[in-house]
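Summary of the model geometry
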Amino acid sequence: MLQYEGAECPYCHQALHDGDDITVCPICGAPYHRECAKKAGGCVLEDLHKEGRQWQKIARPGASTIDGFSERRCSRCGTLASPGAKYCEICGNPLDNEQPDEPPYTAGMNGTGNNADPSRQAPPYQMPFDPFVNPMGGLDPEEMIDDVPAKDAAVYIRQNTPYFLPKFKEFFRKDKENRKSFSWNWAAFLFDTYYLFYRKMYGLGAIVLVLSTILSVPSLLMSFDNLATLINPDSSFVNAIGISPDKLLILYNLCGFLSMVLKAVIAAGVNRVYAGQSIKKIKKLRSEHTEDEQYHAALAAKGGVSIIGVLIAFAVTIAVSAALSAIFMPYIG
């Protein structure tokens, strides 16, 4: 195994490690993960066979040697390119560039522009270029996070990868004693339900939406009581709905406190939950798609964020508020 350590599997283009189940082509000597060899149905290095040449080990450069301009690496984020690729599968940067594009690259995307080239297919998306931010958050694109390459996680996450990838790494450290279980997320604290729907965490988002709605009822009743008092100082709105003012005030304060606790719990745990959900879905997509092109297209489609999800959550919130208003408005005045 030592002779193959650090070499690349010709099928999946992942580095071979000590302990991997490896098989070797009897013709050219190329090493494969055994599962990759089964999927490929034989050696994919046909050119070597035709020319009668033997496979030669080419070690994948380590994280310390990534300088942004290494051979077959993206000049923007350092991702090692797949054979024949024209665009970086992480950030969308053209791989024939010696320097990364500063404005988002548009040539050939829609057949317009000074540098448009219809023969070149555009990447599915391109991360905005920021010379001060590494899209991988400082990770080697080939670094494994619970058996998932960091570059695959980046394709799935899409937005804000420099923030999430280092956290994913901390949550899934092989050394369990040094793993982190919590990580504060201010966006989740401020927007709670809407943030969960934004990150496509629909199940958890629905639960939080129901809890938030229940906890907001005393506040809504308090607002109706104030409105009723403005309309008629002698209003008996609170008594009309069968609750005393003192009890309503206690419920208002208690639910306000519980709402803040709920927000804090979400903010502290959402990154860990999101990491677990993401890694699980990435592994599932990898098992469902044997072709890399289909796999990366599925990652981009299933991952990312959802503005529509946020709008749906907002619409549900408005609908519930409107329904409660319709129920209690007759008691005003």
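Just above, that's the structure.
In this report, the structure presented in the accompanying data block is examined. All figures in this text were calculated on a predicted structure; none of them were measured in a lab.

At their nearest, the axes of helix α5 (residues 186-198) and helix α6 (residues 202-231) sit 8 Å apart, and the two run at 160° to each other. On the basis of the axis angle, α5 is roughly antiparallel to α6. The element α5 and its partner α6 pack so that their crossing is left-handed. For the pair formed by α5 and α6, the contact residues are T193, L196 and F197 on the first element and Y202, L204, G205, A206, V208, L209 and S212 on the second. The residue inventory of the contact of α5 with α6, partitioned by class, reads 7 nonpolar, 3 polar and no charged.

What follows deals with a positive patch on the surface. Together, K280, K281, K284 and K302 line one region of the surface with positive charge. Ranked by the residues each element gives to the positive patch, the list is headed by helix α8 (residues 245-288), at 3 residues. Structurally, K284 is set in helix α8. Take K284: its relative accessible area is 52%, and that puts it in the exposed class.

Time to look at the environment of P141. Within the secondary structure, P141 sits in the loop between α2 (46-51) and β3 (144-145). On the basis of relative accessible area, P141 is assigned to the buried category, the value being 1%. For the pair formed by P141 and K151, sequence separation is 10 residues and the distance between their alpha carbons is 4.7 Å.

So, about the packing of aromatic side chains. This structure, assessed with the given rule, holds 9 aromatic pairs. Ring centres of Y163 and F164 lie 4.9 Å apart, and the angle between their planes is 85°; on these two criteria the pair is classed as edge-to-face. When its relative accessible area of 25% is taken as the criterion, Y163 is described as partly exposed. Geometrically, the ring pair formed by Y194 and F314 is tilted, given 6.3 Å between the ring centres and 50° between the ring planes. Of this pair, Y194 sits in helix α5 while F314 sits in helix α10 (residues 307-328), and the two are 120 residues apart along the sequence. Owing to a relative accessible area of 23%, Y194 belongs among the partly exposed residues under this scheme. What makes F314 partly exposed here is its relative accessible area of 46%.

All right, on to the nonpolar core then. Formed by 34 residues in total, the largest nonpolar core has its most connected members in I145, L165, F168, V270, I282 and L299. Contributing elements (two or more residues each) for this core: α3 (150-157), α4 (161-171), α5, α6, α8 and α9 (292-302). Among the elements that make up this core, the one with the highest residue count is α8 (9 residues). Other than its neighbours up to four places away in sequence, L299 contacts D152, V155, Y156, I282 and L285. Counting 14 residues, the second-largest nonpolar core is a separate cluster that includes A7, A30, L48 and W55.

Side-chain pairs of opposite charge can arise where the charged atoms are in close proximity. All told, the structure shown has 8 salt bridges when counted by the stated rule. Here E170 ties to R173 by a salt bridge, and the two come within 2.8 Å at their closest N and O atoms. For R173, a relative accessible area of 31% gives the class partly exposed. Close ionic contact of R286 with D292 constitutes a salt bridge, the shortest N to O distance being 3.3 Å. On the basis of relative accessible area, D292 is assigned to the partly exposed category, the value being 26%.

Rules used throughout
Residues numbered from 1 in each chain as written. Predicted model: local features only at pLDDT ≥ 70, side-chain atom pairs only at ≥ 80, totals over all residues. Heavy atoms only, no water. Axes fitted to C-alpha atoms, helices over the stretch in contact; angles between N-to-C directions. Helix = DSSP H or I, 4+ residues; strand = E, 2+ residues; numbered from the N terminus. Parallel < 35°, antiparallel > 145°, perpendicular 65-115°, else oblique. Left-handed = near helix turned anticlockwise from the far one by under 90°. Contact = heavy atoms within 4.5 Å. Nonpolar A, V, L, I, M, F, W, Y, C, P; charged D, E, K, R; others polar. Patch = residues over 30% accessible without salt bridge, like charges linked within 9 Å, V, L, I, M, F, W, Y side chains within 5 Å. Areas by Shrake-Rupley, 256 points an atom, 1.4 Å probe, with all protein chains shown as cover. Salt bridge = Lys/Arg side-chain N within 4 Å of Asp/Glu carboxyl O. Lys, Arg positive; Asp, Glu negative; His and termini not counted. Charge placed at Lys NZ, Arg CZ, Asp CG, Glu CD. Buried < 20%, exposed > 50% of the residue type's maximum accessible area, 1.4 Å probe, protein only. Phe/Tyr/Trp six-rings, centres within 6.5 Å; stacked < 30°, edge-to-face > 60°. Core = buried A, V, L, I, M, F, W, Y, C linked by side-chain atoms within 4.5 Å.

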